[in-house]
Amino acid sequence: MENLLSQINNLKEEINNFYSDDKNPAEAFRIKFLGSHGSVKSLMGEMKNVAPENKREMGKVLNEFKLFAENKWEELKTTTDDRAPATDSIDLSLPGDALPIGSRHPISIVRNKIVSIFQRLGFAVAEGPEIEDDWHNFSALNLPENHPARDMQDTFYVSQNPAWMLRTHTSSVQVREMEKGKLPIRIICPGRVYRNETISARAHCFFNQVEGLYIADNVSFADLKQTLYFFVQEMFGKEIKVRFRPSYFPFTEPSAEMDISCLICGGVGCNVCKHTGWVEILGCGMVHPNVLENCGIDSKKYSGFAFGMGIERITMLKYQIKDLRIFSENDVRFLKQFESAV
Ligand code: DAH
């Protein structure tokens, strides 16, 4: 009986440590332990040698052991399916799963288009920091401290150092380029800007602008008009009409705003153009002599024009999008409707 008990213990350990690299480990287990030549069967055969007074007790131990082995078998049968498939079941000639391709953000599509139109006219791309100092964002642009026009752009200041702010417009990049002192300058500056605005369908606390600057000898307002006229025709088509309205910006003199004929109603009047037939798309003007002098450029010798436009606004007009909050919501159902990334 002692002998039989130690055999059972050994087998239990063997069962607990059972491992087979056979294709079907449950079946290998059954053959080894539970089949007609298996170890459990042969243990059962030993019962005839057990002394009659021990038979009852031994029978119980053996039955429990058999149940233990059968449970392990059931367990193996259920886990077998999860194991890695045998190599001969992989068909290497099958095509792989295609990775879904993303699409460009509509703001990026329109920014790239704006950039490429101006590049064809010889404008180079310039960039500047999003955290600016007062000089580049305001003072050099003819907006000295306490100038009322500073209120037009509610500014986010950096709390650790209020001398720094998030730039409120890309005009700050003009200043940085002029300060480099290399003339002529013909640049466009796309980038993100920030304003402390209440978020609504028409305003956000961050958005994108493209700034343009051209400085050389004898640059005139006619050059400005022709450049912008070319731009809108390339952007929106030859049918587009433009008009310039006098306006005010501290950094340009004279200043203007440019409207285009409404793309939605073709100029007849609708909600988007507030029934005027025109929508404003940019501000522009001749660079103010004070700005040139602030940046070390001789205003008697050189002149230039500048313009600035919001990319969101142009994108909304181009794709007829009514709410600009959707640009920053990352909703894939919206984003995937635009040109794919490749
Ligand atoms: N910086 C102006 C704004 O953010 C836009 C602008 C207007 C830029 C006229 C210019 C300009 O360069 O000449 O509202």
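Residues numbered from 1 in each chain as written. Predicted model: local features only at pLDDT ≥ 70, side-chain atom pairs only at ≥ 80, totals over all residues. Heavy atoms only, no water.

1. Some thoughts on the overall build of the chain
Put simply, the test is: Each helix is a run of DSSP H or I of at least 4 residues and each strand a run of E of at least 2, with the numbering of both proceeding from the N terminus. All radius of gyration figures rest on C-alpha atoms, and the globule criterion is 2.2 Å times the number of residues raised to 0.38. Note on classification: 1.4 Å probe, protein chains only; a residue is buried when its accessible area is under 20% of the maximum for its type, exposed when over 50%, partly exposed between these limits.
Broken down by element type, the chain carries 11 helices and nine strands. By the compact-globule yardstick of 20 Å for 342 residues, the chain is too spread out, its C-alpha radius of gyration being 39 Å. The principal-axis extent of the C-alpha atoms belonging to the chain is close to 125 × 50 × 35 Å. Residues classed as buried in the chain amount to 42% of the 342 residues present.

2. Remarks on the site of the ligand
Counted only if it meets this: For this purpose, a residue is taken to be near a molecule or strand whenever a single non-hydrogen atom of the residue falls within 4 Å of it. Whenever two N or O atoms come within 3.5 Å, that pair is a polar contact, provided that in protein one can donate a hydrogen and the other can accept it, and provided that, for residues adjacent in sequence, both atoms are side-chain atoms. Here, Shrake-Rupley sampling with a 1.4 Å probe gives the accessible areas, and only protein chains in the shown set may cover a residue.
Surrounding the ligand, one finds 16 residues, the nearest of these being His169, Ser171, Arg195, Gln209 and Glu211. Arginine 195 places a polar side-chain atom, nitrogen or oxygen, 2.8 Å from an oxygen atom of the ligand. Contact with the protein chains covers 92% of the free accessible surface of the ligand, which is 350 Å². Secondary structure elements with two or more residues in the shell around the ligand: α7 (171-179), β5 (206-216), β8 (278-287) and β9 (303-310).

3. Some remarks on unusual backbone geometry
For the peptide bond that leads from leucine 183 to proline 184, omega is -5°, which places it in the cis range. Backbone torsion omega between glutamate 253 and proline 254 reads -5°, so that peptide bond is classified as cis. By the secondary structure assignment, proline 254 is in strand β7 (residues 252-261). Positive phi is not limited to glycine here, since lysine 274 has a value of about 50°. In this structure lysine 274 comes out as exposed when scored by relative accessible area, which is 59%.

4. Comments concerning the sheet that holds β5
Our working rule: Between any two strands, at least two bridges found by DSSP are needed for them to pair. Whether two residues are in contact is decided by their heavy atoms: any pair within 4.5 Å suffices. Fitted lines through C-alpha atoms serve as axes, helices being fitted only where they are in contact, and the angles separating the N-to-C directions of these axes extend from 0 to 180 degrees.
Taking strand neighbours across the sheet as the criterion, the seven strands line up as β1-β4-β5-β9-β8-β7-β6 in an open arrangement whose pairing is mixed. In this open sheet, the two strands that pair with only one neighbour each are β1 (124-125) and β6 (242-249). Both β8 and β9 contribute to a ladder of five bridges, which runs antiparallel. Note that in β9 the partner of leucine 282 across the bridge is methionine 309. Contacting β1, β4 (185-194), β5 and β9, helix α5 (residues 106-120) runs over the sheet at an angle of about 165° to β4. In this fold helix α8 (residues 221-236) packs onto β6, β7, β8 and β9, with an angle of close to 145° to the strand it touches most, β8.

5. Some details on the environment of phenylalanine 231
Along the chain, phenylalanine 231 falls in helix α8. According to the relative accessible area criterion, phenylalanine 231 is buried, its value standing at 0%. Residues phenylalanine 231 and leucine 121, spaced 110 residues apart in sequence, show a C-alpha to C-alpha distance of 9.4 Å. Here phenylalanine 231 is in contact with Ile114, Ile117, Phe118, Met309 and Ile314, once residues within four sequence places are set aside.

6. Regarding the pairing of β5
Each regular strand carries side chains that alternate between the two faces of the sheet. Burial of β5 is extensive: 10 of the 11 residues sit out of reach of the surface. Taken together, the eight bridges between β5 and β9 define a ladder with antiparallel strand orientation. Considered in β9, the bridge of glutamate 211 is made with glycine 308.

7. Remarks on the packing of α5 against helix α10 (residues 311-319)
The test is simple: Between 65 and 115 degrees an angle is taken as roughly perpendicular, under 35 as roughly parallel, over 145 as roughly antiparallel, and anywhere else as oblique. Put simply, Ala, Val, Leu, Ile, Met, Phe, Trp, Tyr, Cys and Pro go in the nonpolar bin, Asp, Glu, Lys and Arg in the charged bin, and everything else, Gly too, in the polar bin.
Between α5 and α10, whose axes approach to 9 Å, the crossing angle comes to 100°. Judged by the angle between their axes, α5 and α10 are roughly perpendicular. Residues Pro106, Ile107, Ile109, Val110, Arg111 and Ile114 of α5 lie in contact with α10, whose contacting residues are Ile311, Glu312, Ile314, Thr315, Lys318 and Tyr319. For the contact of α5 with α10, the class distribution of residues is eight nonpolar, one polar and three charged.

8. Some thoughts on the nonpolar core
Basically, it comes down to this: Among buried residues, those of type Ala, Val, Leu, Ile, Met, Phe, Trp, Tyr and Cys that are joined through side-chain atoms within 4.5 Å constitute a nonpolar core.
Among the nonpolar cores identified, the biggest contains 45 residues, and Ile114, Phe118, Phe231, Ile260, Phe307 and Met309 are the most heavily contacted of them. Those elements that provide at least two residues to this core are α5, β5, α8, β7, β8, β9, α10 and α11 (332-335). If one sorts the elements of this core by residue count, α5 sits on top with seven residues. When sequence neighbours within four positions are dropped, the list of residues in contact with isoleucine 260 reads Val232, Phe236, Ile240, Lys241, Val242, Gly277, Trp278, Val279, Ile281 and Leu317.

9. Overview of the pattern of salt bridges
Opposite charge on two side chains permits pairing when their charged atoms draw close. Applied cut-off: The rule for a salt bridge is simple: a side-chain nitrogen of Lys or Arg has to be within 4 Å of a carboxyl oxygen of Asp or Glu.
Evaluated as defined, the whole model comprises 14 salt bridges. A salt bridge links lysine 238 to glutamate 234, with the nearest nitrogen and oxygen atoms 3.6 Å apart. On the accessibility criterion, glutamate 234 (23% relative accessible area) is partly exposed. It is possible to trace a salt-bridge network through shared partners that takes in Arg243, Arg245, Glu257 and Asp259.

10. Re helix α1 (residues 2-16)
Rules: Each residue after the first adds 1.5 Å to the expected span of a helix. Read the arc as the range of directions from the helix axis to the C-beta atoms.
Helix length check: α1 (15 residues) gives 21 Å between terminal C-alpha atoms against 21 Å at 1.5 Å per residue, within 8%. For α1, the set of buried residues is Leu4, Ile8, Leu11 and Ile15. End-on view of α1: buried residues confined to an arc of 65°, all on one side of the axis. Exposed side chains of α1 directed beyond 90 degrees from the buried face belong to Glu2, Asn3, Asn10 and Glu13.

11. Quick look at the environment of glutamine 160
Checked against the element boundaries, glutamine 160 lands in the loop between α6 (134-137) and β3 (164-166). At a separation of 3.4 Å, a polar atom in the side chain of glutamine 160 contacts the side chain of serine 159.

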